[in-house]
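# Residue-level structural notes
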Amino acid sequence: MARVLLIMPRLPQRMGAPYLGQLYVAASLIADGHEVRCLDLGAPHVPFGVDGAVAEAERFKPDMIGLTLFTYGVAQGYELAAKLRAHTRLLVAGGPHPTVLPEEPVAHGFDVAIRGEGEVAIVQLAQVLDGRFQMADVVNSYLADGGRGPTAPAIPDLDSCAYPHTAYSAYDLSHFSPGGHVVPGGLMTSRGCPARCTFCANYVTGRAFRFRSAADVIAEMIVLRRDYQISTFPFWDDAFTANRPRLNELCDAIVAEPALAGITWTCITPGNMVKPFDLERMRRAGCVAINFGIESGDKRMLKIIQKGQRPEHIIAAVKAAKQEGMQTIVNFMFGFPGEDTESLNNTLALMETLAPHTDYFNTRGVLVPFPGTAIYDQHRDTYDLEGWWRDPAMVPIEPDITDPVAAQEAHEVDPTLALDFFRYSDDVRDLIAACVRYKALHNKATIETMIASAHKAAAAYAAEAGASASTM
Ligand code: B12
Ligand code: SF4
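Residues numbered from 1 in each chain as written. Chains lettered and ligands numbered in written order. Predicted model: local features only at pLDDT ≥ 70, side-chain atom pairs only at ≥ 80, totals over all residues. Heavy atoms only, no water.

## Points about the site of ligand 2
To keep it simple, the criterion reads: When we say a residue is near a molecule or strand, we mean one of its heavy atoms is within 4 Å of it. Each residue gets one label: Ala, Val, Leu, Ile, Met, Phe, Trp, Tyr, Cys and Pro are nonpolar, Asp, Glu, Lys and Arg are charged, and the others, such as Gly, are polar.
All residues in the neighbourhood of ligand 2 are listed as Cys193, Ala195, Cys197, Phe199, Cys200, Asn202, Arg207, Asp238, Pro270 and Lys307. A class-by-class count of the residues in the shell around ligand 2 yields 6 nonpolar, 1 polar and 3 charged.

Written as structure tokens, this is what we have:
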């Protein structure tokens with residue numbers, strides 16, 4: 001059996017829970033009997049950085065080290081890989097970045113890069129190390145010696161994946177929360193999104209919508225509730241509502257399961273895939289918040305980015321969710337190539353229309369041209385975009401801000417705007433900055449209202465408790 005160390009390099013923001021993609025990879029290794037350790041250098045309480053990860057490798061002596069590489073943070077990933085090289089037999093890259101550019105990690109010292117979902121390939125690699133599998137047969141592999149493994153399609157039967165929580169034991173959970181309690185992360189009930197947005201870097205889960213059986217999702221939720229006291233489940237699917245029959249089946253299965261009585265959940269989905277008549281069923285099943293992908297309020301822009309939705313539909317869907325008593329989180333992006341003051345004003349106008357029905361807007365939102373996206377391919381040469389991610393200065397690490405109001409103040413500015421990927425004119429840049437600030441101020445007001453009502457409730461409770469004590 002192989003010893004495997006999985007590492008997430010530091011990303012711009014800290015993550016309060018282990019990264020789901022790393023958990024999936026670790027869980028499949030554990031299910032195959034391998035010894036696995038996981039490190040996340042972006043965990044909020046991790047007491048070390050790159051050098052600590054190298055020290056861990058020296059101590060654990062892994063046969064294989066696997067790094068999860070996002071495009072953001074990839075430069076630190078390459079720096080780390082160089083330092084880890086001497087401490088393992090096999091250095092492997094996986095994740096969103098190698099999926100699009102497998103040749104790049106290999107040119108930076110990795111033995112192999114894995115494209116796409118990693119559950120099958122990582123186990124095959126571990127089996128190569130203990131002599132049970134041939135390197136040439138590892139699926140979706142891109143080898144340093146020029147070899148290419150067979151191409152495997154996206155995992156057809158998602159119920160076959162080991163549950164992510166079975167890998168919690170591979171982490172030092174005190175890196176995520178001081179007492180070492182599991183921080184409730186999210187789960188995925190489906191993978192893939194049938195839409196084709198030209199800015200979207202979803203190349204791991206892909207365009208084919210695949211979903212787990214309701215029974216498999218329910219079984220995972222029951223364990224998370226029973227063993228980890230999780231009662232609110234964030235569903236991180238790309239397009240949770242993409243398939244109505246399966247949405248209805250899952251909602252009905254949650255309602256019918258006594259072990260899940262009283263749980264709540266949240267989901268993310270493109271705005272045009274929310275049907276107001278489904279909302280009541282979702283609410284009855286515990287849905288308390290929907291995160292809507294909308295992106296622009298301008299019909300021309302929506303067409304250019306292939307978002308395939310109309311502002312009228314979005315307004316109806318967001319209002320209906322609010323009327324159903326759900327929290328609404330609404331996503332907008334700014335600075336697409338071709339964006340002008342007219343399109344930005346239309347987006348600002350839609351944000352203003354939606355504001356009374358919106359709890360939060362996504363923070364910031366200036367377009368980042370991720371490699372692999374249609375926008376990147378179309379504009380790479382015009383705007384000299386090739387390789388920006390290898391320059392650490394292009395990926396600023398966020399300061400740690402714990403106060404929620406102060407965090408919103410920091411979100412009034414988007415550092416991506418200063419990177420000026422698409423060489424905006426001054427009036428476009430000013431309007432983008434105004435749109436970013438508009439969202440942050442709205443979110444700050446929501447948070448201040450919530451804090452004020454929590455204080456009011458606490459004061460009422462204290463007054464009532466005082467009144468009862470005085471009558472004793
Ligand atoms: C949930 C999520 C988050 C959560 C993660 C929380 C958590 N604790 O897990 C949060 C909200 C924190 C988040 C943040 C960000 N995210 Co995000 N996120 C996602 C989302 C929606 C799902 C991730 C997931 O679980 N996928 C499911 C699993 C199955 O896929 P996976 O994670 O890629 O992992 C598989 C493979 O990559 C591979 N693999 C992974 N690691 C390894 C390691 C090895 C050794 C091997 C062999 C294989 C392998 O196997 C895994 C299992 O199949 C994806 C979209 C998507 N559909 O993937 C975006 C996505 C990953 N995020 C993205 C981005 C850009 C970000 C942010 C930078 C956004 C921002 N501007 O702030 C931040 C960065 C995080 C940070 N800390 O700074 C991009 C990444 C693009 C890129 N090329 O890098 C994606 C693809 C979204 C998109 N459409 O563009 N994110
Ligand atoms: S709807 Fe969301 S997940 Fe789907 S392609 Fe567009 S941005 Fe990507």
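Structure's up, so let's keep going.
## Section: the sheet that holds strand 3 (residues 64–68)
Convention followed: A pair of strands is considered paired only if DSSP assigns at least 2 bridges between the two. Numbering of helices and strands runs from the N terminus; a helix is a DSSP stretch of H or I covering at least four residues, while a strand is a stretch of E covering at least two. Helix axes are fitted to C-alpha atoms over the stretch in contact, other axes to C-alpha atoms as well, and angles between N-to-C directions run from 0 to 180 degrees.
Overall, mixed pairing links the 6 strands, which are arranged 2-1-3-4-5-6 in an open sheet. Because the sheet does not close on itself, it has two edges, and the strands there are strand 2 (35–40) and strand 6 (141–143). Neighbour-to-neighbour, the strand axes of the sheet open up by a mean angle of 20°, direction not taken into account. Relative to strand 3, strand 1 (residues 3–8) is paired through 4 bridges, and the arrangement is parallel.

## Considerations on the packing of aromatic side chains
Applied cut-off: The criterion for an aromatic pair is that two Phe, Tyr or Trp rings (for Trp, the six-membered ring) have centres within 6.5 Å, with stacked assigned to planes under 30 degrees apart, edge-to-face to planes over 60 apart and tilted to the rest. Here the term buried applies to any residue with accessible area under 20% of the maximum for its type, exposed to any over 50%, and partly exposed to those in between, with areas from a 1.4 Å probe on protein chains only. The rule for a charge over a ring is simple: NZ of Lys or CZ of Arg within 6 Å of the ring centre, and within 35 degrees of the ring normal.
The tally for this structure, following the rule as stated, stands at 19 aromatic pairs. Ring geometry for Trp388 against Trp389: centres 5.6 Å apart, planes inclined by 80°, an arrangement best described as edge-to-face. When its relative accessible area of 1% is taken as the criterion, Trp389 is described as buried. Three or more aromatic residues link up through ring pairs in this structure, and these residues are Tyr72, Phe370, Tyr376, Trp388, Trp389 and Phe421. Sitting over the ring of Tyr24, Arg191 keeps its end group 4.5 Å from the ring centre. When the ring centre of Tyr203 is taken as origin, the NZ or CZ atom of Arg207, which lies over that ring, is 5.4 Å away.

## As for the domain arrangement of the protein
In plain terms, the rule: For the purposes of this description, domain bounds are those given by an automatic or database domain assignment. Simply put, the buried area is the total loss of 1.4 Å probe accessible area from both parts when two parts are fitted together. Whenever a carboxyl oxygen of Asp or Glu lies within 4 Å of a side-chain nitrogen of Lys or Arg, that contact is scored as a salt bridge.
The domain boundaries assigned to the protein delineate domain 1 (3–143) and domain 2 (184–456). Interface area, domain 1 with domain 2, both sides summed: about 1,900 Å², of which 63% is carbon and sulfur. Broken down residue by residue, the surface that domain 1 buries against domain 2 is led by Leu20, Tyr72 and Glu117, which jointly contribute 28%. Where domain 1 meets domain 2, there are 5 salt bridges. For Glu119, the salt bridge identified is with Arg191, shortest N-O distance 2.8 Å. No other element matches the 4 residues that helix 4 (residues 96–100) contributes to the side of domain 1 that touches domain 2. Partitioning the side of domain 1 that touches domain 2 into residue classes produces 11 nonpolar, 8 polar and 5 charged.

## Things to note about the pairing of strand 1
Spelled out, the test is: Note on handedness: a clockwise path from strand one over the helix to strand two, with the strands aimed away from the viewer, defines a right-handed crossover.
Where burial is concerned, most of strand 1 is hidden: 5 out of the 6 residues are buried. Bridge count between strand 1 and strand 2: 6 bridges; the pairing is parallel. Counted as the bridge partner of Met8 is Asp40 from strand 2. Taken together, strand 1, helix 1 (residues 20–31) and strand 2 form a β-α-β motif whose crossover is right-handed.

## Focus on the packing of helix 7 (residues 214–228) against helix 8 (residues 244–256)
Think of two packed helices as two axes; the pair is described by the angle between the axes and how far apart they sit. We apply this condition: Geometric relationships in this document are graded by angle, where less than 35 degrees denotes roughly parallel, more than 145 denotes roughly antiparallel, 65 to 115 denotes roughly perpendicular, and other angles denote oblique. Handedness of a crossing is defined here by the sense of rotation of the near helix relative to the far one, left-handed for an anticlockwise turn of less than a right angle and right-handed for a clockwise turn. Contact criterion: two residues are considered in contact whenever any of their non-hydrogen atoms come within 4.5 Å of each other.
At a minimum axis distance of 9 Å, the contact between helix 7 and helix 8 shows a crossing angle of 40°. Of the possible angle classes, the one that applies to helix 7 and helix 8 is oblique. Seen along the crossing, helix 7 lies across helix 8 with a hand that is right-handed. Here helix 7 contributes Ala214, Val217, Ile218 and Met221 to the contact with helix 8, which in turn contributes Glu249, Leu250, Ala253 and Ile254.

## Overview of the site of ligand 1
Basically, it comes down to this: Whenever two N or O atoms come within 3.5 Å, that pair is a polar contact, provided that in protein one can donate a hydrogen and the other can accept it, and provided that, for residues adjacent in sequence, both atoms are side-chain atoms.
Around ligand 1 there are 37 residues in total, and Gln13, Tyr19, Thr68, Glu119 and Asp238 lie nearest to it. Contacts to ligand 1 include Thr68, whose side-chain N or O atom sits 2.8 Å from a nitrogen atom. Mapped by element, the contributors of at least two residues to the shell around ligand 1 are helix 1, strand 3, strand 4 (90–94) and helix 6 (119–129). Top element by residues in the shell around ligand 1 is helix 1. It accounts for 4 residues.

## Some words on helix 1
Residues that lie three or four places apart on an α-helix share one face, since the helix turns once every 3.6 residues. Selection criterion: The span you would expect from a helix comes to 1.5 Å times its residue count less one.
Helix length check: helix 1 (12 residues) gives 16 Å between terminal C-alpha atoms against 16 Å at 1.5 Å per residue, within 8%. A large share of helix 1 lies buried, amounting to 9 of its 12 residues. Taken together, the buried positions of helix 1 are Leu20, Gln22, Leu23, Tyr24, Val25, Ala26, Ala27, Ser28 and Leu29. On its buried face, helix 1 is in contact with strand 1, strand 2, strand 3, helix 6 and strand 7 (190–191). Taken from the residues just after helix 1, Gly33 is the one with a positive phi, measuring 95°.

## Considerations on the sheet that holds strand 12 (residues 327–332)
Taken together, the 5 strands give an open sheet; going across it, the order is 9-10-11-12-13, and neighbouring strands pair in parallel fashion. Looking at the sheet topology across the chains shown, the edges are occupied by strand 9 (232–234) and strand 13 (360–361). Bridge count for strand 10 (residues 264–270) against strand 11 (residues 287–295) is 6 bridges, and the pairing is parallel. The residue of strand 11 that forms the bridge with Thr269 is Phe292.

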